[in-house]
Amino acid sequence: MRYSDWSPVYDAILRDFGYDRTGDERVRDRLATLTTSFDHDRLPLFEGAAVAVCGAAPSLADDLDLARRADVVVAASTAVDTCRDAGVAVDCMVTDLDKNPETAVELTREGTPVAVHAHGDNRPLVEAYVPELVDEWTLPTTQAEPVGPVENVGGFTDGDRAAFLADHFGAGSLVFPGWTFDDPTVDAEKRRKLAWAERLLYWLERRRDERFVVLDGRRDAIDTSALPVE
Ligand SMILES: Nc1ncnc2c1ncn2[C@@H]1O[C@H](COP(=O)(O)OP(=O)(O)OP(=O)(O)O)[C@@H](O)[C@H]1O
Ligand SMILES: Nc1nc2c(c(=O)[nH]1)N=C(CO)CN2
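Residues numbered from 1 in each chain as written. Chains lettered and ligands numbered in written order. Predicted model: local features only at pLDDT ≥ 70, side-chain atom pairs only at ≥ 80, totals over all residues.

1. A word on the site of ligand 1
Here is step 1: Gly-55, Ala-56, Ser-77, Gly-159 and Asp-183 are the nearest of the 21 residues found near ligand 1.
Here is step 2: Elements with a minimum of two residues in the shell around ligand 1: α7 (158-168) and α8 (188-208).
Here is step 3: Of the residues belonging to the shell around ligand 1, the class tally is eight nonpolar, six polar and seven charged. (Near = placed C-beta within 6 Å. Helix = DSSP H or I, 4+ residues; strand = E, 2+ residues; numbered from the N terminus. Nonpolar A, V, L, I, M, F, W, Y, C, P; charged D, E, K, R; others polar.)

Written out as structure tokens, the structure reads:
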């Protein structure tokens, strides 16, 4: 994903949530001072791989076979803990540090890449935990324009950002264990974020000319008005 393609969708997200662009940029710039450029050779081998993008819905526990069968497992936030507790190795974590930052620290110490996201509402977490991460295993990300070592491969929530990351680095196919868009256990803000995650995955499957099974039966109801799709 090039930033020029992402930018109009990011504008729509900013409008919808009322986020301040300069807030995202300030924390991005702070993250840039705490990290160095990530060596992409340290990523798992995404090129052509069958990738499982694990979300943190309660359904993940029942979906773990999908992850076990994948070539590469990328997991968002607390999905990492569920996978590892069940003996499923995670090849890359994607997080904004708001739930299980200790897991992110542990992974970088083990030599597993962690894509750490800066946004306008996680500055204290970035400042507290990024210095604890092993720098060579830390891939700094932003949803705003990329700057210095901080990259933007597209994506908004940890889970859809994980899918955009796998896509950016050449994934052959994507499956989605642990994704439940209509999850009655989540609060209203999370529900709105999941609606965006769903839109973004729809955009991604269209860009890739792939059909994500997780969207089957849902496509007709997705609001695509902010997406650059016909
Ligand atoms: N029902 C669900 N509940 C929570 N997350 C889900 C669900 N379905 C899919 N996901 C994906 O799993 C990711 C990780 O969820 P988790 O609740 O651990 O993260 P989070 O740190 O609150 O995520 P974010 O900061 O991106 O909102 C979410 O970012 C989302 O993309
Ligand atoms: N500014 C801002 N950006 C975000 C936020 C958020 O709360 N504020 N939450 C995200 C995923 O939870 C992703 N991006």
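Continuing now.
2. Here we look at the site of ligand 2
Here is step 1: Within the structure, ligand 2 sits among Tyr-19, Gly-23, Asp-24, Asp-96, His-119, Gly-120, Asp-121, Gln-143, Phe-156, Thr-157 and Lys-193.
Here is step 2: Looking at the shell around ligand 2 residue by residue, the classes come out as two nonpolar, five polar and four charged.

3. Some points on the pairing of strand β2 (residues 72-76)
Here is step 1: Judged by how many residues are buried, β2 sits mostly within the fold: five of five residues are covered.
Here is step 2: Residue alternation in β2 divides its side chains into two sets, Val-72, Val-74 and Ala-76 and Val-73 and Ala-75, and both sets are buried.
Here is step 3: Of the pairings in the sheet, the one linking β2 to strand β3 (residues 92-95) comprises three bridges and is parallel in character. Paired with Ala-75 across the two strands is Met-93, which belongs to β3.
Here is step 4: One crossover worth recording links β2 to the parallel β3 by way of helix α4 (residues 79-85), and it is right-handed. (Buried ≥ 20, exposed ≤ 12 C-beta atoms within 10 Å, placed from the backbone. Pairing = 2+ DSSP bridges. Right-handed = clockwise from strand over helix to strand, strands pointing away.)

4. Description of the sheet that holds β2
Here is step 1: The parallel open sheet is built from six strands, whose spatial order is β5-β4-β3-β2-β1-β6. Both outer strands of the open sheet, β5 (138-142) and β6 (173-175), are each paired with one neighbouring strand and no more. On average, each strand axis in the sheet is tilted by 25° relative to the strand beside it, whichever way the strands run.
Here is step 2: In this sheet, strand β4 (residues 114-118) lies alongside β3 in parallel orientation, the contact comprising three bridges. Each bridged residue has a counterpart across the sheet, and for Met-93 the counterpart in β4 is Val-114.
Here is step 3: Packing against the sheet, helix α5 (residues 101-110) makes contact with β3, β4 and β5, and its axis sits at approximately 140° to β4. (Axes fitted to C-alpha atoms, helices over the stretch in contact; angles between N-to-C directions. Contact = placed C-beta atoms within 7 Å.)

5. So, the UniProt feature "domain: 6-hydroxymethylpterin diphosphokinase MptE-like" (unreviewed entry) in the protein
Here is step 1: Mapped onto the present numbering, the UniProt feature "domain: 6-hydroxymethylpterin diphosphokinase MptE-like" (unreviewed entry) falls on residues 45-179.
Here is step 2: Annotated as 33% helix and 20% strand, the span residues 45-179 places its first and last C-alpha atoms 23 Å apart. (UniProt positions renumbered as here; feature names shortened; annotations may be inferred.)

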